[in-house]
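Fold and geometry: a report
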Amino acid sequence: MEYTVIIPAAGSGKRMNAGKNKQFIMLGDKPVIIHTLSVFEQDPHCNEIILVINEMEREYFKELLCSFKIQKVKQLIPGGAERQDSVYNGLMKVEGANSLVLVHDGARPFITIEKIQELVKKASETSAAILAVPVKDTIKKVNNGLVEETVERSSLWAVQTPQAFHVQLLRQAYEHAFQTNFLGTDEASLVERLHKPIAVVSGDYENIKLTTPEDIVYGESILNNQQK
Ligand code: C5P
């Protein structure tokens, strides 16, 4: 099934401490954002990429898209203060009431076409699906430096992007979130508040989000392994 993907890339990436948008950091021979975009560029089922950017970086994004021949980005949409605002701005530009829309963080360059296809297949059956991996560590709730409780690990999954939804469901979830002043860190948390089922598809542990400096070191080793 065909889909449109919204890629939020408008964050400032403060936790990366790179002095620039973390998506511009070079990983091998390409900036992070180009690794991410190239996967969707090469996926024949992806109709369009809606890239959400910081307006101040528009010219640089345009240069990158041109030099790396990314042709599926038809629109560069200005982002907002929070990730949720950025995705919403992109969502407003999705055409067609019956389409499937994916949301994928610009800072997750190791997504594969195989996982996208598994996710899209599931979402076309259920209207909502996300990628996630079982949590490996023991997780505890901590309050004021003291352990409150240990959370049962067998039901914990670390959630990734892409997340895939029927466009009308995602629009409804965003409208409800704004009406109720809810700010989530992913799309599924908004859809959950409509009490709709969301299917979980097993992701890859390597589909990391580059957030802090040590993620870049790990990212380089993932890239080296992929290129072997
Ligand atoms: O900050 P974090 O890594 O969680 O952000 C996830 C993605 O959302 C990043 O690709 C980032 O650029 C994007 N984002 C955005 N607009 C914001 C904040 C984050 O597009 N206001």
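An unreviewed UniProt entry annotates the chain as 2-C-methyl-D-erythritol 4-phosphate cytidylyltransferase of Bacillus suaedaesalsae. In the Function (unreviewed entry) part of its UniProt record, the chain is described as follows: "Catalyzes the formation of 4-diphosphocytidyl-2-C-methyl-D-erythritol from CTP and 2-C-methyl-D-erythritol 4-phosphate (MEP)." Taken directly from UniProt, the Catalytic activity (unreviewed entry) text for the chain runs: "2-C-methyl-D-erythritol 4-phosphate + CTP + H(+) = 4-CDP-2-C-methyl-D-erythritol + diphosphate".

Quick look at the overall build of the chain
Helix and strand counts for the chain come out as seven helices and 11 strands. The C-alpha extent of the chain, read off along each of the three principal axes, is 50 × 40 × 35 Å. Contacts spanning at least 24 positions in sequence make up 73% of the contacts within the chain whose residues lie at least 6 apart. Total accessible area computed for the chain in this model is approximately 11,700 Å², and 50% of it derives from carbon and sulfur atoms. Of the side-chain charges in the chain, 25 are positive and 29 negative, and the distance between the mean point of each set is 0 Å.

Some thoughts on the site of the ligand
Around the ligand, the surrounding shell holds 16 residues, and the nearest of these are Pro8, Ala10, Lys22, Gly80 and Ser86. Gln23 places a polar side-chain atom, nitrogen or oxygen, 2.9 Å from an oxygen atom of the ligand. Expressed as a share of its isolated accessible area of 460 Å², the protein-covered part of the ligand is 86%. Of the residues that constitute the shell around the ligand, the class distribution is five nonpolar, five polar and six charged.

Things to note about the environment of Asp85
Inspection of the secondary structure assignment puts Asp85 in helix H3 (residues 83-91). Since its relative accessible area comes to 21%, Asp85 is described here as partly exposed. On a C-alpha basis, the gap between Asp85 and Thr212 in space is 22 Å, while along the polypeptide they are 127 residues apart. Once you skip the residues sitting within four places of it in the chain, Asp85 turns out to touch Gly80 and Phe178.

Re helix H1 (residues 32-42)
Of all 11 residues in H1, 10 are buried; the element is thus mostly enclosed. Taken as a whole, H1 has its buried residues at Val32, Ile33, Ile34, His35, Thr36, Leu37, Ser38, Val39, Phe40 and Glu41.

Conventions we followed
- Residues numbered from 1 in each chain as written.
- Predicted model: local features only at pLDDT ≥ 70, side-chain atom pairs only at ≥ 80, totals over all residues.
- Heavy atoms only, no water.
- UniProt positions renumbered as here; feature names shortened; annotations may be inferred.
- Helix = DSSP H or I, 4+ residues; strand = E, 2+ residues; numbered from the N terminus.
- Contact = heavy atoms within 4.5 Å.
- Areas by Shrake-Rupley, 256 points an atom, 1.4 Å probe, with all protein chains shown as cover.
- Lys, Arg positive; Asp, Glu negative; His and termini not counted.
- Charge placed at Lys NZ, Arg CZ, Asp CG, Glu CD.
- Near = heavy atom within 4 Å.
- Polar contact = N/O pair within 3.5 Å; in protein donor to acceptor, adjacent residues only side chain to side chain.
- Nonpolar A, V, L, I, M, F, W, Y, C, P; charged D, E, K, R; others polar.
- Buried < 20%, exposed > 50% of the residue type's maximum accessible area, 1.4 Å probe, protein only.

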